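# Structural overview for review
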Amino acid sequence: MAVSLVLERVCKEFGAGDQRVAAVRDVSLQVQEGEIFTLLGPSGCGKTTTLRLIAGLETPSAGKIIFDGRDFTSLPSFRRNLGMVFQSYALYPHMSIFENVAYGLRVRRLSEGEIRRRVHEALDLVGLAGLDARRPAQLSGGQQQRIALARALVYGPRLLLLDEPLSNLDAKLRVYMREEIRKIQQRARITTVYVTHDQEEALSISDRLAVMYGGRVVQAGTPTEVYEAPASVGVADFLGKANFLEAEVVAWHRDRVRVRLMSGAALDVARGDPTWNPVEGEAATLFIRPERVRLGDDRGRAAVRLQGTVTRLTFLGGIVRYALDVGGARPVLADEQRLVPDLGVGTATTLHFDLADLRAYPGTQRPWGETA
Amino acid sequence: MKSACGGWRRLDPVAVLVLGLAGLILLLFLVYPISRIVLNSFLPTDAPFALTNLTLEHFARFASSSLYRKALVRSLTVSLAASLLALCLGLPMAFFVARVRIPGKTVLLSLGTLPLVVPPFLGAYSWILLLGRNGILTNLVKRVIGFQLPSIYGASGIILAFTLGYFPYVFLLAYGALASADPSLEESAQIMGADRWRITRTITLPLVTPAIAAGMVIIFMQSLGSFGVPAVLGGEYYVLTTLIYFQIVGYFDLNAAGAIALVSVGFTAVSLFLLHHLSQRRGYITVTGATRAARELQGRGIRVVAMAYCVLVLGVALVPHLIILMTSFAETWGRGALPTAFSLGNYRRVFANAWAPMQNSLFLATVATVAAGVLGTLMAYVAVRKALRSRWVLDLTITLPFVFPGIAVGVAILSGFSSGPLVLSGTWMILAVAYLIRRMPYIFRSASAALTQIDPAMEEASATCGAAWLRTFSRITFPLMLPGILAGASITFSTLLGELSTTIILYSAQWKTMTVAIYEYLLADLLGPASALGTLLTVAVLASMLLANKLLGRTLGSLFRMV
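Residues numbered from 1 in each chain as written. Chains lettered and ligands numbered in written order. Predicted model: local features only at pLDDT ≥ 70, side-chain atom pairs only at ≥ 80, totals over all residues.

## Focus on the overall build of chain B
Counting its regular elements, chain B contains 23 helices and 2 strands. In terms of principal-axis extent, the alpha carbons of chain B reach across some 85 × 75 × 50 Å. Considering chain B as a whole, with its 563 residues, one finds that 48% of them fall into the buried category. Across chain B, the fraction of contacts at a sequence separation of at least 24, relative to all contacts at a separation of at least 6, is 79%. (Helix = DSSP H or I, 4+ residues; strand = E, 2+ residues; numbered from the N terminus. Buried ≥ 20, exposed ≤ 12 C-beta atoms within 10 Å, placed from the backbone. Contact = placed C-beta atoms within 7 Å.)

## Quick word on the overall build of chain A
In terms of helices and strands, chain A carries 8 helices and 20 strands. Referenced to the eigenvectors of the C-alpha coordinate spread, the extents of chain A come out at roughly 75 × 50 × 40 Å. A burial count over chain A gives 42% of its 372 residues as buried. Put simply, of all contacts in chain A between residues at least 6 apart along the chain, 67% involve residues at least 24 apart.

## As for the sheet that holds strand β7 (residues 159-163) of chain A
All names here are of chain A. What the 6 strands build is an open sheet, ordered β6-β7-β8-β3-β9-β10; its pairing is mixed. Each having just a single partner strand, β6 (82-85) and β10 (216-221) make up the two edges of the open sheet. Looking at each pair of strands side by side, their axes are set apart by 15° on average, direction ignored. One ladder, built from 4 bridges, connects strand β3 (residues 36-40) with strand β9 (residues 208-213); its direction is parallel. Within the sheet, the bridge partner assigned to phenylalanine 37 lies in β9 and is arginine 208. (Pairing = 2+ DSSP bridges. Axes fitted to C-alpha atoms, helices over the stretch in contact; angles between N-to-C directions.)

## Comments concerning the domain arrangement of chain A
All names here are of chain A. Domain boundaries in chain A define domain 1 (3-233) and domain 2 (234-362). With centres defined by C-alpha atoms, the gap from domain 1 to domain 2 works out at 37 Å. Between domain 1 and domain 2, the contact holds 13 residues from the first and 15 residues from the second. Elements that contribute at least two residues to the side of domain 1 that touches domain 2 include exactly β9, β10 and α7 (223-228). Split into classes, the residues belonging to the side of domain 1 that touches domain 2 amount to 10 nonpolar, 3 polar and no charged. (Domains from an automatic or database assignment. Nonpolar A, V, L, I, M, F, W, Y, C, P; charged D, E, K, R; others polar.)

## Side note on the confidence of the model for chain B
Residues and elements named next belong to chain B. For chain B, mean pLDDT is 84; residues scoring 70 or higher make up 91% of the total. Within chain B, helix α16 (residues 391-403) has the poorest average pLDDT of any element, 71, and helix α3 (residues 66-99) the best, 93. Every residue in residues 1-9 scores below 50 in pLDDT, and together they form 18 contacts with partners more than four places removed in sequence or on other chains. The model gives residues 283-290 a pLDDT under 50, and that stretch makes 8 contacts with residues more than four places away or in other chains. Taken together, the chains of this predicted complex give a pTM of 0.79 and an interface ipTM of 0.81. (pLDDT = per-residue confidence, 0-100.)

## Details of the nonpolar core
Counting 168 residues, the largest nonpolar core has B:Val170, B:Ala174 and B:Val411 as the members making the most contacts within it. It is helix α7 (residues 155-180) of chain B that contributes the most residues to this core, 17 residues altogether. Lining this core are residues from two domains, each supplying at least three of them: domain 1 (69-330) and domain 2 (349-563) of chain B. Apart from the residues lying within four places of it in its own chain, the contact partners of B:Val170 are B:Ala86, B:Leu87, B:Gly90, B:Leu91, B:Ile212, B:Gly215, B:Met216 and B:Ile219. Counting residues in each nonpolar core, the second largest holds 108 residues, with A:Ala210, A:Val233, A:Ala284 and A:Leu286 among its members. (Core = buried A, V, L, I, M, F, W, Y, C linked by C-beta atoms within 7 Å.)

## Some words on helix α5 (residues 171-188) of chain A
Three- or four-residue spacings in an α-helix give side chains the same orientation, since the helix completes a turn every 3.6 residues. Residues and elements named next belong to chain A. With 18 residues, α5 should reach 26 Å at 1.5 Å per residue; the first-to-last C-alpha distance of 26 Å fits that figure. Listing the buried residues of α5 in full gives Met177, Arg178, Ile181, Ile184 and Gln185. The arc enclosing the buried residues of α5, seen along the axis, measures out at 130°, which places them on a common side. In α5, those exposed residues whose orientation departs by more than 90 degrees from the buried face are Lys172, Glu179, Lys183, Gln186 and Arg187. Arginine 189 lies just past α5 and shows a positive phi near 50°. (Expected span 1.5 Å × (residues − 1). Arc of directions from axis to C-beta.)

## What about unusual backbone geometry?
All names here are of chain A. The backbone phi angle of alanine 90 is positive, close to 50°, even though this residue is not glycine. Tracing the sequence through the fold places alanine 90 in the loop between β6 and α2 (97-107). Classification of alanine 90 as buried rests on a count of 26 C-beta atoms within 10 Å. In this model, aspartate 342 sits at a positive phi of 60°, which is unusual for a non-glycine residue. Positionally, aspartate 342 belongs in the loop between β18 (332-336) and β19 (348-353). Among the residues examined, aspartate 342 registers 8 C-beta atoms within 10 Å and is labelled exposed.

## Remarks on the environment of B:Ile191
You can see B:Ile191 is positioned in helix α8 (residues 183-191). Between the alpha carbons of B:Ile191 and B:Ser415 there is a distance of 63 Å; along the sequence they are 224 residues apart.

## Let's talk about the domain arrangement of chain B
Residue and element names in this part refer to chain B. Segmentation of chain B into domains returns domain 1 (69-330) and domain 2 (349-563). Put simply, the middle of domain 1 and the middle of domain 2, counted by C-alpha atoms, are 24 Å apart. Of all the elements in the fold, those that place two or more residues in the side of domain 1 that touches domain 2 are α4 (105-117), α5 (120-131), α7, α9 (196-225), α10 (228-233), α11 (240-251), α12 (254-286) and α13 (300-329). Top element by residues in the side of domain 1 that touches domain 2 is α12. It accounts for 9 residues. Here the residues of the side of domain 1 that touches domain 2 are counted per class, giving 27 nonpolar, 14 polar and no charged.

## Observations regarding the interface of chain B and chain A
In many analyses, interface size is given as the accessible surface area lost on bringing the parts together. Taken residue by residue, the interface counts 20 residues in chain B and 25 residues in chain A. Taken together, the elements giving at least two residues each to the side of chain B that touches chain A come down to α19 (456-464) and α20 (469-497) of chain B. Partitioning the side of chain B that touches chain A into residue classes produces 12 nonpolar, 4 polar and 4 charged.

## Some points on the sheet that holds strand β17 (residues 320-325) of chain A
Residues and elements named next belong to chain A. Here we have 5 strands laid out as an open sheet, ordered β15-β19-β16-β17-β18, and antiparallel in their pairing. Of all the strands in the sheet, the pair left with one neighbour each is β15 (294-295) and β18. For β15 and β19, the ladder comprises 2 bridges, and the chain directions are antiparallel. Across the sheet, residue arginine 294 finds its bridge partner in β19, namely histidine 352.

## Quick word on the pairing of strand β13 (residues 266-271) of chain A
Looking down a regular strand, the side chains alternate between one sheet face and the other. All names here are of chain A. Relative to β13, strand β12 (residues 256-261) is paired through 5 bridges, and the arrangement is antiparallel. Note on β13: the bridge partner recorded for valine 259 is leucine 267. If you look at the hairpin formed by β12 and β13, you'll find 4 residues sitting between the two strands, and glycine 264 has a positive phi there, around 100°. With 2 bridges joining them, β13 and strand β20 (residues 359-362) adopt parallel strand pairing. Across the sheet, the residue bridging to alanine 270 is arginine 359, located in β20.

## Considering the packing of α5(B) against α7(B)
Residue and element names in this part refer to chain B. The geometry of α5 relative to α7 is characterised by a closest axis approach of 9 Å and an angle of 130° between their N-to-C directions. When the axis of α5 is compared with that of α7, the two are oblique. You can see that α5 and α7 cross each other, and the crossing is right-handed. Side by side, α5 and α7 meet where Pro120, Gly123, Ala124 and Trp127 of the first sit next to Gly157, Leu160, Ala161, Leu164 and Gly165 of the second. Split into classes, the residues belonging to the contact of α5 with α7 amount to 6 nonpolar, 3 polar and no charged. (Parallel < 35°, antiparallel > 145°, perpendicular 65-115°, else oblique. Left-handed = near helix turned anticlockwise from the far one by under 90°.)

## So, the packing of helix α22 (residues 514-523) of chain B against helix α23 (residues 527-552) of chain B
Residues and elements named next belong to chain B. At their nearest, the axes of α22 and α23 sit 8 Å apart, and the two run at 155° to each other. In terms of axis orientation, α22 runs roughly antiparallel to α23. Along this stretch, α22 crosses α23, giving a crossing that reads as left-handed. Judged by residue contacts, Met514, Ala517, Ile518, Tyr521 and Leu522 of α22 engage Pro529, Ala530, Leu533, Gly534 and Leu537 from α23. Grouping the constituent residues of the contact of α22 with α23 by class yields 9 nonpolar, 1 polar and no charged.

## With respect to the environment of A:Arg312
Structurally, A:Arg312 is set in strand β16 (residues 304-315). When neighbours within four sequence positions are excluded, A:Arg312 is seen to be in contact with A:Ala323 and A:Val345.

As structure tokens, then:
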């Protein structure tokens, strides 16, 4: 697949003088043709600003934006031939649904017959045929969302931009709509940039994603890559639940770090942060997902074992989450599919996991939002 | 131009064009005449400008001349008295309408707004019809109980007319605060054991105090700047505005008039500052916003008292206007108090003699409203969307005419354009310019407010759909702003129809307005034609307001909640 959208060292600063704030710092990205590429990160990470730079609603302070070989950097928004869905949907309250969807076609001066045909096609695509005459205020949130999508797709743009399109919907509808969006996008085969702060949404909808923090891209890759092998403690913590264990570096060879746990056990663990050059004796943080921690007797198959005591037990519906004290500063979480027999609060048990599920990071890294 | 990186904004051609045009108009028609009036007031009468000529003699007259001193004291006294009386009249009514279960609240609110819509000097005139030397009530009382009522001319009449004409400011603002206060505040006090009196004293009143105070300040400013009421009811009782008129018509002393106007502006500026302060406090309170309506009192006694009070106040405020209506149809008056025969004679006379003023009023109000509409809208757009950082400059400049009472704007425009490089006096332009400058803030404010409510994503969505600026503005931004613009325009148009204070300084023989014609009829004691023309004016004002309400789907009262 060919590269479609390229961001080259893009910067965006707001304000002037002392109050200058960098919202986007040195962001470089490549989006493939026809894929959904997601910008994911906590609020204030610069994801929406990056999207607005791609849309042409902001001008970069530095860097270049190239789409299909064309320099977009200083092209005004209305010349970029793109479709955008806003968080607030931005449907025009003074126009009917038909006129809302027809807006981009009228801008392009299509014939009345053609406009009618394509509006109906687009309304069919989003499953809302027959609502032409309504006003936006008469529609439910989910319907408004789909009209906004139809309005952005109807004139066949080459690039679709979605800015937190689902954040105003309730939880069930959100899950349904993200599958709908994915389906519609696949049918239209349109290159899409999607912005969200919801990691589950990002993992489920994207072909590839970039995690942003503090105006920078901290990691880009497929959802599996980023989830399984996060590039920092921050990313690991942001993308789902994470356990962190304290350890100490013993030795280092290529991509593997030999660490010693507080229990005294020594392990060869994959290095999570590719930029890290560990030093012997340095503090390290080991990471493992709760669903990869198993409890009880596994008949000696696991490579790593820890002794712990159950301190809390939370029933979450699909899973049961155990919190265990293993002697470290934080409890270790273990997700089980059902209640483990004879394992109540206060019970001592064995935790075990595979070496391949562990990653090592510098001990100085902390989850975002936590002060060191 | 550098991008936002270095703190530079890319120069937007639209912003430059509009700001340039607006700047030019504001400089020429606002800053220039105001500087002339300020300068003139420090020059001796008829002296050319020179630094050595500068003098304080016009201001010194406030110390030396008893006429000046009295006018100042009287202006402040009647304005203060009117705002206090308006409080006594308006606050109970606001409480009754907001918190007691009585029928027809929408009607009461609309009727309660009417006094603001009708030109105030017509209200003053109606009191002459009732209580003047030959007034209906005066005659009635004299005949029935043989008692000579005190004269309506002078302080008491002016205060009466101000109070009844302006009390809706207190009524509407207090009503708004009382009706929108979060009921859970009072409920929580009740749960903590406070009785009704304590709740009223410690919760309810403090919450509405800023609104009430704002209403009183507005009344004070309006009274201080009013020309029509003291001109009709004052006689020898001069206040600042009539003194200005006297200086201009009597001596054509623009410099002395300018000095008096400046003093008056000083008091208005202080009031406006106070108002700004109050409205900030008020904004702080209403942030919570009510989710439920306030609870209504349902006791039988309080309901009867509330209804009776509202009917009485509205009756006293509005019946005089019905007297104007009746007088306009009166052909002959008997020896009793009331007319004995009715006809359309007055209207025939008015259409024969005052046809030109009617046309002039419509023409001038239309031209000024359209011009103020276009300029106010564009400036609001630039101020809100394009030039956020320098917005306060625009805001301040455009708001300047608020500080200037109508008659002071008249004097300023006359100082600026009766001599010097651009002479407009005697033409319709000088009136149109004055109207435009005075009323543009209404449209600017109301259009800005509308625009602030519009999600910028609406315009961005249009741009991403491929629409260039002009299409986005004409298809999206403008239609969404339109209700706000129309609201401002309807107030502008209807208040311009009834405008007297500025007009009286600037009109010429060919460009006499309806209000001037009415004033002249009054001076000539031609009560019949004055009533007929007044009725026509009231009808025109009401019709334009009602049309706007119809178009906007709002109530009359909401159009006045702009302060």
